[in-house]
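# Summary of the model geometry
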Amino acid sequence: MAQALETPPGGFRRASVVWIVLGCAAYGYTLGMGRGPLMGCYVAIKLPLLIFLTLTINAILNGILAQVLGSGLSFRQTWSAILRSFALFALIVGSLSPVAAYFTLSATGHGDAGRAHAVVLLVHVLVMATAGIVANLQLLNGLRLLLREGGVALQVLFAWLLGNLFVGAQFSYLLRPFFGQPNLEIQFLRPDAFAGNFYSTVWIMSRSFLGTSGVLMALAGGLLIFLLCLRKYANQNPNL
Amino acid sequence: MNPDPNTPPPALPNVPTNPWPATTPPAVRTIPKRTDPFEIEPMTEPATTLNALAALLRAPGRILHQLTTEGSAALALKLLACTIVCLAIFGFLLGTFSGGVQLWAAPAKVVLGTLASGLICLPSLVIFSLLSGTDCSIAKLGSLLLLSMSLVGLLLVGFAPVVWVFAQSSSEVGFMGGLGLVFWILSCAFGLRLLLNLADRMGAHSKGALLAWGAIFMLVTFQMTSTLRPILGQSDTFLPETKMSFMEYWTNGLEPLRMTR
């Protein structure tokens, strides 16, 4: 990883793009196939699109953050690093797509559709979380080796992750459906795709479950935990 | 029979010691580690606009040195122009949320508000930097402020595509206002970090006074959101006819604009 980041060869980025397209398309198909082959094809297009849109929108920001945080990485190296990380993610989910397909085929087509949907959803969440963690740990190792400074590498990765997750969540909302609710019709995009945003929807849904004060308390708790972790990290890295 | 110990051993045929030398993989060349990106030292490249922006991100100490040497007015003007363009881009993309008049009004207000905040806070920066122990002229402090604001502008350009994505898909003014505010605070945090580090290299012995100045600067910019309202949402007039504190504006003033573009 570190070698590829330091002097990314010409074919390296092209290969990464191909891996993302193939891996995510294969996995995307298994995401949607529970609702039928058409939905599978739709998601096979949308999953790579989600990654490329996130990468493009955050390209400038990621490059600026890498430089401001003192990594010394150029815009091109930043792009290559994140592309490589997504390529690894795509390879992992692509390789696990037969497993996911098996679970999908086993769970759907009989019994309670809602329950089957929940099981399939859980399997996909586990697969994607595993792939995401592995890809980011690899990226962190590469950055540590390249920058020789664990603290800076962690800061850069954290900044990239935060930005990519923030924008990725919104694009996943705009490009919905991916799993497809069993009671809704199969569509490439929802008719109201560009109305509303991920965070407002999460806020409204959370408020209906927990109430406004409950959501605010949960947010305050999350913020407190984050600040405590930050303080611990800052104590360990006095040069932060 | 023992051989004569003085007799040299027979010459070995000229065979390479290892006919299959191991090919070691090329070692990873790590990114050269700079001693200190905030060190105030001369720029190694010509001070073009692009080089200045690159130095602002990677080695801001060099550009501060360049700004405080003779004939630096041209570079200062270039940086100021870049800052204005960056702020205008961010403002324009904020303006796409409402469209219409806001396409030009929002960038104008963002640029005006930021530059006015910088000017209003410059005298207090001089005093607070003296309190922190920084030993430098007003011109140098002005350069420091310009550098920090340029960095804020650059970061806002980085956030601008994200703002555009949300501006096209959201309808709540409150959400867009909060998002813009978060990006503004994050960018200003990096700007303040730059200012603190450079002040440290200029002899500041404590950061408390400059941190307090940073909080004052933030408060001034927050108040600008009310003074120049609305930056998001529609209004009949370019500037408001009534005065309002930013707290009041954020809690009550946004209500009539909620759910509208």
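Residues numbered from 1 in each chain as written. Chains lettered and ligands numbered in written order. Predicted model: local features only at pLDDT ≥ 70, side-chain atom pairs only at ≥ 80, totals over all residues.

### Topic: the overall build of chain B
A count of helices and strands for chain B gives eight helices and zero strands. The linear arrangement of helices and strands in chain B, starting from the amino end, is α-α-α-α-α-α-α-α. Looking at chain B as a whole, 36% of its 261 residues qualify as buried. (Helix = DSSP H or I, 4+ residues; strand = E, 2+ residues; numbered from the N terminus. Buried ≥ 20, exposed ≤ 12 C-beta atoms within 10 Å, placed from the backbone.)

### Thoughts on helix H6 (residues 173–201) of chain B
Taking 1.5 Å per residue, 29 residues should reach 42 Å; H6(B) reaches 42 Å between its end C-alpha atoms and fits that length. The first or second residue beyond H6(B) is B:Gly203, which carries a positive phi of 105 degrees. (Expected span 1.5 Å × (residues − 1).)

### A word on the interface of chain A and chain B
By a frequent convention, interface size equals the accessible area lost on bringing the separate parts together. Between chain A and chain B, the residue contacts involve 25 residues of the former and 25 residues of the latter. Of all elements in the fold, only helix H1 (2–6), helix H4 (59–68), helix H6 (113–147), helix H7 (150–174) and helix H8 (198–236) of chain A reach the threshold of two or more residues within the side of chain A that touches chain B. Partitioned by chemical class, the residues of the side of chain A that touches chain B number 15 nonpolar, eight polar and two charged. (Contact = placed C-beta atoms within 7 Å. Nonpolar A, V, L, I, M, F, W, Y, C, P; charged D, E, K, R; others polar.)

### With respect to H4(A)
Structural remark: α-helix, 3.6 residues per turn; residues separated by three or four positions point the same way. Of all ten residues in H4(A), eight are buried; the element is thus mostly enclosed. Within H4(A), the full set of buried residues consists of A:Leu61, A:Asn62, A:Gly63, A:Ile64, A:Leu65, A:Ala66, A:Gln67 and A:Val68. In this fold, the buried residues of H4(A) make contact with helix H5 (75–107) and H7 of chain A together with helix H1 (49–58), helix H5 (138–169) and H6 of chain B. At the C-terminal side of H4(A), A:Gly70 shows a positive phi close to 85 degrees.

### Quick notes on the confidence of the model for chain B
Residue and element names in this part refer to chain B. Of all residues in chain B, 82% have pLDDT values of 70 or greater, and the mean over the chain is 83. In this model, residues 18–22 is a region of pLDDT below 50 whose contacts with residues beyond four sequence positions or in other chains number zero contacts. Both scores are available for the predicted complex, with the pTM at 0.80 and the ipTM at 0.77. (pLDDT = per-residue confidence, 0-100.)

### Some thoughts on the nonpolar core
Grouped together as the largest cluster of nonpolar side chains are 113 residues, with contacts concentrated most on A:Cys24, A:Val93, B:Phe90, B:Leu94, B:Leu156 and B:Val163. In terms of residue count, the dominant contributor to this core is H5(B) (17 residues). (Core = buried A, V, L, I, M, F, W, Y, C linked by C-beta atoms within 7 Å.)

### Details of the packing of H6(B) against helix H7 (residues 208–227) of chain B
All names here are of chain B. Running from amino to carboxyl end, H6 crosses H7 at an angle of 150 degrees, the nearest separation of the two axes being 11 Å. Looking at the two axes, H6 sits roughly antiparallel to H7. Considering only the axes of H6 and H7, their crossing is right-handed. Contacts between H6 and H7 pair Cys188, Leu192, Leu195, Leu196 and Ala199 from the former with Leu210, Gly214 and Met218 from the latter. Residue composition of the contact of H6 with H7, grouped by class: seven nonpolar, one polar and no charged. (Axes fitted to C-alpha atoms, helices over the stretch in contact; angles between N-to-C directions. Parallel < 35°, antiparallel > 145°, perpendicular 65-115°, else oblique. Left-handed = near helix turned anticlockwise from the far one by under 90°.)

### Concerning the packing of H7(A) against H5(B)
Any two packed helices are characterised by the angle at which their axes cross and by the distance between the axes. Contact geometry for H7(A) and H5(B): axes closest at 11 Å, N-to-C directions at 30 degrees. The orientation of H7(A) relative to H5(B) falls into the category roughly parallel. Our pair here, H7(A) against H5(B), has a crossing hand that is left-handed. Where H7(A) abuts H5(B), its residues A:Val167, A:Gln170 and A:Leu174 lie against B:Val162, B:Val165, B:Phe166 and B:Ser169. Here the contact of H7(A) with H5(B) is built from residues that sort into five nonpolar, two polar and no charged.

### Regarding unusual backbone geometry
The amide bond that connects A:Arg176 to the next residue, A:Pro177, takes the cis arrangement and shows omega of 5 degrees. As for its placement among the helices and strands, A:Pro177 is situated in the loop between H7 and H8. The omega angle of the peptide bond from B:Arg229 to B:Pro230 is -5 degrees, so this bond is cis rather than trans. Inspection of the secondary structure puts B:Pro230 in the loop between H7 and helix H8 (246–253).

### What to know about the confidence of the model for chain A
Low-pLDDT portions of the prediction should not be read for the details of their coordinates. Mean pLDDT over chain A: 85, with 90% of residues reaching 70 or higher. Highest mean pLDDT in chain A belongs to helix H3 (residues 37–57) of chain A (94); lowest belongs to H1(A) (60).

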